[in-house]
Amino acid sequence: MNELKKVLFIDRDGTILIEPEDKQIDSLEKFAFVPGAISGLKALTGLGYELVMISNQDGLGTHLFPEETFLPCQNLMLKTLAGEGITFDNILIDKSLPQDNAPTRKPRTGMLGAYMDGSYDLSASFVIGDRETDVQLAANLGAKALQIGPMTWAEAAEAVRSSSRQVSIARKTRETDIKLTLDLDGKGPSGINTGLNFFDHMLEQLPHHGGISLAIDCKGDLKVDEHHTMEDVGIVLGQAIYQALGSKRGIERYGFVLPMDECKALVLIDFGGRADFVWKVDFTREFIGDTPTEMFPHFFKSLCTEARCNLRIEAEGQNNHHLAEAIFKAFARALRQAVRRNVFDDALPSSKGTL
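**Observations concerning the overall build of the chain**
Then, number 1: Broken down by element type, the chain carries nine helices and 16 strands.
Then, number 2: C-alpha extents for the chain along the principal axes are approximately 85 × 40 × 35 Å.
Then, number 3: Every one of the 355 residues in the chain was classed for burial, and the buried ones make up 50%.
Then, number 4: Taking the contacts inside the chain whose residues are at least 6 apart along the sequence as the reference set, 74% of them involve residues at least 24 apart.
Then, number 5: Averaging the positions of the 38 positive and the 50 negative side-chain charges in the chain gives two centres separated by 3 Å.

In structure tokens form, the structure reads like this:
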């Protein structure tokens, strides 16, 4: 099954270019970018969205003006953006007047038929504009709306980029039934229920100290033992982290370390695309609460394999509860540091140019 495409429909006048009082950008003297538009558009490149500029003709000259009065402005805009690595996959201009009541005029969707053929995931797409008609267009498409004016371009770009770091996974086997939702930017609710109280307590450290949102509901065959539940939660969490990181552009990539009471925990992580796992922790109890300590390295190894990261965990201390908690808190802090992202940096953190 082919993956559905995503698109950003971006208005032009008032969104990319400042709209003058007479509503007509019909000379170079009236040409100016909306503050933050160039850096905001740059932040939206490389995220897997098609960029489509859409506009009612009002702005760069309606058909009341000859084309030569506004084409130099349009060309200057496109040339300037291209110099920053920003190009549009399509440009759609509706030349009708408001009184024409044309089906192609925003917020009607007539000129966007090619994007409504089922090959695009419009629910995961956005309309970015400055007017209420742009907001209504998004509603008519079943897309999300971002309105410049009430929000800045930086906020709009972050909203798009953050949405790409939200993942929901449902995985059901004969041994476990898991539903997991992860948001690396911490914008959703969190709640953990695996049926293992101490394991839940440890997993709760991840949203608290990792700056993420994490919801996990797991129904496992605990009547057999704890193995399948802890292993499969590690698998699904690792898969979610890998998917949420996406292209990994702009992330820090690495993270590490934490003390807790008499314990110290060292967690080294690298989301470099290769899985390798090292565990150097000695527990002196078979169980902490209802959770077997032998399963902690197995949980982290399963997570490491599915997240395709290098993960090294070392810890020492006297109290086994503190020891386990220090490990999970250190992992949370390492994760927080490694997935931190500069919204305006699309560079890959690799000298190879790929991760």
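Alright, that's what it looks like, and here's the rest.
**Let's talk about the environment of Ala37**
Then, number 1: Tracing the sequence through the fold places Ala37 in helix α1 (residues 37–43).
Then, number 2: For Ala37, a relative accessible area of 1% translates into the label buried.
Then, number 3: Separated by 19 residues in sequence, Ala37 and Ile18 have C-alpha atoms that sit 9.9 Å apart.
Then, number 4: The contact partners of Ala37, leaving out residues within four places of it in the chain, are Thr15, Ile16 and Trp153.

**Digging into the sheet that holds strand β9 (residues 213–220)**
Then, number 1: Read from one edge to the other, the open sheet built from four strands follows the order β6-β7-β9-β8, with strand pairing classed as mixed. With partners counted over all chains shown, the strands left at the sheet margins are β6 (166–172) and β8 (191–193), one partner each. For this sheet the average axis-to-axis angle between neighbouring strands, irrespective of direction, equals 5 degrees.
Then, number 2: Pairing between strand β7 (residues 176–183) and β9: eight bridges, direction antiparallel. Paired with Thr181 across the two strands is Ala215, which belongs to β9.
Then, number 3: Running at roughly 35 degrees to β7, helix α7 (residues 227–245) makes contact with β6, β7 and β9 of the sheet.

**A short note on the pairing of strand β5 (residues 144–147)**
Then, number 1: With four bridges connecting them, strand β4 (residues 126–129) and β5 associate as parallel partners. Bridge pairing in β5 links Phe126 to Lys144.
Then, number 2: Crossover β4 to β5 through helix α3 (residues 132–141) is right-handed.

**What about a nonpolar patch on the surface?**
Then, number 1: A surface patch of nonpolar side chains, amounting to about 360 Å² of accessible area, comprises Tyr254, Phe256, Val257 and Leu268.
Then, number 2: Its location among the elements puts Tyr254 in strand β10 (residues 254–255).
Then, number 3: For Tyr254, a relative accessible area of 40% puts it in the partly exposed group.

**Digging into the nonpolar core**
Then, number 1: If you look at the biggest cluster of nonpolar residues, it comprises 58 residues, and the most contacted ones within it are Phe271, Phe296 and Leu311.
Then, number 2: If you tally residues by element for this core, the top one is helix α9 (residues 320–339), at 12 residues.
Then, number 3: Once residues lying within four places of it in the same chain are set aside, the contact partners of Phe296 are Phe198, Phe199, Met202, Met230, Trp279, Phe283, Ile288, Thr291, Ala324 and Phe328.
Then, number 4: Judged by nonpolar contacts, the second largest core, of 30 residues, contains Leu8, Phe33, Leu44 and Met77.

**Digging into the layout of surface pockets**
Then, number 1: Approximately 480 Å³ is the volume found for the largest pocket.
Then, number 2: Lining of the largest pocket is provided by 24 residues; of these, Lys6, Leu47, Tyr49, Ser163 and Ser164 occupy positions nearest its centre.
Then, number 3: Those elements that place two or more of their residues in the lining of the largest pocket are α4 (153–163) and α7.
Then, number 4: Each residue belonging to the lining of the largest pocket can be placed in one class, and the counts come to seven nonpolar, eight polar and nine charged.

**Some details on the packing of aromatic side chains**
Then, number 1: Overall, the coordinates contain 14 aromatic pairs when judged by the stated rule.
Then, number 2: Centroid distance Phe9 to Tyr115: 5.3 Å. Interplanar angle 90 degrees. Geometry classified as edge-to-face. Placement of the pair is Phe9 in strand β1 (residues 6–11) and Tyr115 in the loop between β3 (90–94) and β4, with a sequence separation of 106 residues.
Then, number 3: Judged by relative accessible area, Phe9 falls into the buried class, the value being 0%.
Then, number 4: Exposure remark for Tyr115: the relative accessible area of 6% places this residue in the buried category.
Then, number 5: Plain terms: the ring middles of Phe199 and Phe299 are 5.3 Å apart, the flat faces sit at 85 degrees to each other, and that makes the pair edge-to-face. Of this pair, Phe199 sits in helix α5 (residues 197–203) while Phe299 sits in helix α8 (residues 295–307), and the two are 100 residues apart along the sequence. Pair check on accessibility: Phe199 and Phe299 agree, each one buried.

**Some thoughts on the sheet that holds β4**
Then, number 1: Judged by pairing direction, the sheet is parallel, and its five strands sit side by side in the order β3-β2-β1-β4-β5 without closing on themselves. In the strand order of this sheet, the two ends are held by β3 and β5, each with one partner. Pairwise comparison of adjacent strand axes, ignoring direction, gives a mean angle of 20 degrees for this sheet.
Then, number 2: As paired strands, strand β2 (residues 49–56) and β3 are joined by five bridges and run parallel to one another. Paired with Asn56 across the bridge in β3 is Asp94.

Rules used throughout
Residues numbered from 1 in each chain as written. Predicted model: local features only at pLDDT ≥ 70, side-chain atom pairs only at ≥ 80, totals over all residues. Heavy atoms only, no water. Helix = DSSP H or I, 4+ residues; strand = E, 2+ residues; numbered from the N terminus. Buried < 20%, exposed > 50% of the residue type's maximum accessible area, 1.4 Å probe, protein only. Contact = heavy atoms within 4.5 Å. Lys, Arg positive; Asp, Glu negative; His and termini not counted. Charge placed at Lys NZ, Arg CZ, Asp CG, Glu CD. Pairing = 2+ DSSP bridges. Axes fitted to C-alpha atoms, helices over the stretch in contact; angles between N-to-C directions. Right-handed = clockwise from strand over helix to strand, strands pointing away. Patch = residues over 30% accessible without salt bridge, like charges linked within 9 Å, V, L, I, M, F, W, Y side chains within 5 Å. Areas by Shrake-Rupley, 256 points an atom, 1.4 Å probe, with all protein chains shown as cover. Salt bridge = Lys/Arg side-chain N within 4 Å of Asp/Glu carboxyl O. Core = buried A, V, L, I, M, F, W, Y, C linked by side-chain atoms within 4.5 Å. 1 Å grid on protein atoms, 1.4 Å probe; cavity = no way out; pocket = protein on both sides within 12 Å on 5 of 7 lines; lining within 4 Å. Points joined across faces, edges and corners; volume = space filled by probe spheres on them. Nonpolar A, V, L, I, M, F, W, Y, C, P; charged D, E, K, R; others polar. Phe/Tyr/Trp six-rings, centres within 6.5 Å; stacked < 30°, edge-to-face > 60°.

These figures capture arrangement, not role.
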